[in-house]
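Next come the chains, spelled out residue by residue.
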Amino acid sequence: MRTADGSIVLGLHRSGHARGLLETAADLGITRLDTASNYLRHRSHEVLKTTAGDLLPKFSVSTKVGYFPDGHSLDPSRLRSAVEQALKDLGREPDLVFLHNPEHSASGAETLAKACATLADAARAGLCRSWGVSTWDPRPLMDFDVPRPDVLMVRAGLLVGVDVLEATEVLATRWRPSQLWGMSPFGGSTTQDVWKRFDPRVFLRGPATPTMPQAAFRSSYDLPQVDAVAVGTDNVDHLRELTEALAYEVDDKVVQEYRQHLKARQLP
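First things first, this report covers the structure right here in the doc. (Residues numbered from 1 in each chain as written. Predicted model: local features only at pLDDT ≥ 70, side-chain atom pairs only at ≥ 80, totals over all residues. Heavy atoms only, no water.)

1. A closer look at unusual backbone geometry
Working note: non-glycine residues mostly have negative phi, and peptide bonds are mostly trans.
Stage number 1. Residue L223 is joined to P224 through a cis peptide bond whose omega torsion reads -5 degrees.
Stage number 2. Even without being a glycine, H17 presents a positive backbone phi close to 60 degrees.
Stage number 3. Summarising the element assignment, H17 is placed in the loop between β1 (8-11) and α1 (19-27).
Stage number 4. For H42, which is not glycine, the phi dihedral falls at a positive 65 degrees.
Stage number 5. Among the structural elements, H42 can be located in helix α2 (residues 39-42).
Stage number 6. For H42, a relative accessible area of 34% puts it in the partly exposed group. (Helix = DSSP H or I, 4+ residues; strand = E, 2+ residues; numbered from the N terminus. Buried < 20%, exposed > 50% of the residue type's maximum accessible area, 1.4 Å probe, protein only.)

2. Details of helix α6 (residues 162-175)
Because each turn of an α-helix spans 3.6 residues, side chains separated by three or four positions in sequence point in the same direction.
Stage number 1. In this model α6 runs 20 Å from its N-terminal to its C-terminal C-alpha over 14 residues, within 8% of the 20 Å that 1.5 Å per residue would give.
Stage number 2. Among the residues making up α6, those that are buried are V162, V164, L165, A167, T168, L171 and W175. (Expected span 1.5 Å × (residues − 1).)

3. What to know about the sheet that holds strand β8 (residues 151-155)
Stage number 1. Read around the closed barrel, the eight strands follow the order β1-β2-β3-β6-β7-β8-β9-β10; overall the barrel is parallel. Strand after strand, the sheet turns through a mean of 25 degrees between neighbouring axes, direction not considered.
Stage number 2. Here strand β9 (residues 179-183) runs beside strand β10 (residues 228-232); their pairing, made up of three bridges, is parallel. The residue bridging G182 from the neighbouring strand is V229, located in β10.
Stage number 3. Across the sheet, α6 lies against β7 (131-134), β8 and β9, angled at about 175 degrees from β8, the strand it touches most. (Pairing = 2+ DSSP bridges. Axes fitted to C-alpha atoms, helices over the stretch in contact; angles between N-to-C directions. Contact = heavy atoms within 4.5 Å.)

In short, the description is geometric, and any link to function would need to be established separately.
See below:
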């Protein structure tokens, strides 16, 4: 069974970067923060540095580059400048820099390979400690080759379609990242109607009685199988609830049956 060992990444996409939230995360044993250069109206790095202050060294920080005030770009010079700016704004080198949703601009294999090589070069130059790719939709990327990334981040959880799950696994096999991370385990919100229509607790083993958000979150680690899941919240009680979910165990048989069901529904 998993424990609160850093398998949760606190995502700052929808966060106000509040000091109290970061303090609670640190107290709960969460050691990773994930942001992006375009979060908080392109001010996330500066705000995080200011609000976290002395707390920031307690976390490893991942960020993403690719979105600019005038749109998305995979231009190598712009990506390199974005990594340099992230280092400046955070006051430290990011532990991990992702290429952010390259499918939005990747018109071909050469474009993507050059963008990834730019981040790999930035890591070798000491501008960041490692690099990766974060993709919302891996399907357009499956036929492309890139330098081996340290981390590949993809959507995970019960709301991910079988086509995206399978594309993720194809991409992970092709690129061989050192780690695979999941994101958006609730599809954006725990209050969507979909969470009222079925009980995700069926995916967990044993007689324990987790909450439905706990069951949905815990099962996201196996859809697809990932090493960590990035989840965003400003609610410290919700964050505490999710850390407790790591103590539960997923029923592999139910997950397999679920995937077979998804596949069957996809067939004409």
